[in-house]
Amino acid sequence: MRHADRTVGGGPAGDAGSVNVVSGIGGPPTGGVRETAARYALLPLRIFLGVTFVYAGIDKLTDSAFLADSGAGSIGQLMSQVRDTSAVPWLVDQALNAPSTFGYVIAFGELAVGLGTLFGLLTRLAALGGALISLSLWLTVSWQTEPYYYGNDLAYLMAWLPLVLAGAPYLSLDTVWSKHRRRQNSQLFT
């Protein structure tokens, strides 16, 4: 029997009475070290990505040179530089139509994604937003990086995917909200 397939309850894995011990979803935690580690495995990733994206958003919003349409260190200059080497030049062209606006959209997007991830609020949606930001940066800014694994945007994209799939089942506002809704629903039917 593999560790991830262990269940607790009245039947085999997948039975309505069983609880997945590793994820802890559906029942009380069992308290073992492995189960606790598995339960909180995504927490360091959430903290890292959340803090990084909040920092990136604030950094962009407080850098007047970055938010300018043109000039040294501006989003406009960056987009102009990567346009011909980008995998999706049409996307860069859209950004070049209003570089400053695009810079604000990216900055506020990073800030929203980071805060959502840190607080575990609409975590899957926040992680999807982070993945899309990372994908767009990889296809534009990091695309010309040789070899590809030197570009960090691809690594960020891959780091977001577990949070897109799993969300934030622990230490999150999503969990508090879910428990509150379940309590309200159970009171409706009692």
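Residues numbered from 1 in each chain as written. Predicted model: local features only at pLDDT ≥ 70, side-chain atom pairs only at ≥ 80, totals over all residues. Heavy atoms only, no water.

Moving on, we get to the overall build of the protein. What the protein contains, in helices and strands, is eight helices and two strands. In the protein, the succession of α and β elements from N to C terminus is β-β-α-α-α-α-α-α-α-α. The buried share of the protein, reckoned over its 190 residues, is 34%. Counted over contacts in the protein with a minimum sequence separation of 6, partners at least 24 positions apart contribute 60%. Carbon and sulfur atoms make up 65% of the accessible area of the protein, which amounts to about 11,400 Å² in all. (Helix = DSSP H or I, 4+ residues; strand = E, 2+ residues; numbered from the N terminus. Buried < 20%, exposed > 50% of the residue type's maximum accessible area, 1.4 Å probe, protein only. Contact = heavy atoms within 4.5 Å. Areas by Shrake-Rupley, 256 points an atom, 1.4 Å probe, with all protein chains shown as cover.)

Here we take up the packing of helix 3 (residues 75-82) against helix 5 (residues 99-119). Running from N to C, helix 3 and helix 5 point in directions that differ by 100°, and their axes come no closer than 8 Å. When the interaxial angle is binned, helix 3 and helix 5 end up roughly perpendicular. Side by side, helix 3 and helix 5 meet where I75, G76 and M79 of the first sit next to P99, S100, F102 and G103 of the second. Residues of the contact of helix 3 with helix 5, tallied by class, amount to four nonpolar, three polar and no charged. (Axes fitted to C-alpha atoms, helices over the stretch in contact; angles between N-to-C directions. Parallel < 35°, antiparallel > 145°, perpendicular 65-115°, else oblique. Nonpolar A, V, L, I, M, F, W, Y, C, P; charged D, E, K, R; others polar.)

For the rest of this paragraph, the subject is the layout of surface pockets. In this structure, the second largest pocket spans a volume of roughly 300 Å³. Taken together, 17 residues form the lining of the second largest pocket, with A56, K60, E110, L137 and D153 sitting closest to its centre. Among the secondary structure elements, those contributing two or more residues to the lining of the second largest pocket are helix 2 (43-61), helix 3, helix 5, helix 6 (123-140) and helix 7 (152-166). The element that contributes the greatest number of residues to the lining of the second largest pocket is helix 2, accounting for four residues. For the lining of the second largest pocket, the residue count by class is 11 nonpolar, three polar and three charged. (1 Å grid on protein atoms, 1.4 Å probe; cavity = no way out; pocket = protein on both sides within 12 Å on 5 of 7 lines; lining within 4 Å. Points joined across faces, edges and corners; volume = space filled by probe spheres on them.)

The next subject is helix 3. Where helix 3 is concerned, the buried positions are I75, G76, M79 and V82. Summarising the axial view, the buried residues of helix 3 lie within an arc of 140°, below the 170-degree limit, and thus occupy one face. (Arc of directions from axis to C-beta.)

Here we take up the pattern of salt bridges. Any two side chains of opposite charge can pair if their charged atoms end up close together. All told, the structure shown has three salt bridges when counted by the stated rule. Of the charged contacts in the structure, one is a salt bridge between K60 and E110, with a shortest N-O distance of 3.1 Å. Here K60, found in helix 2, pairs with E110, found in helix 5; they are 50 residues apart in sequence, far enough to count as distant. Note that D93 and R83 form a salt bridge whose closest N and O atoms lie 2.8 Å from each other. Residue D93 is found in helix 4 (residues 89-97), and its partner R83 is found in the loop between helix 3 and helix 4; the two are separated by 10 residues along the sequence. Judged by its relative accessible area of 27%, D93 falls in the partly exposed class. (Salt bridge = Lys/Arg side-chain N within 4 Å of Asp/Glu carboxyl O.)

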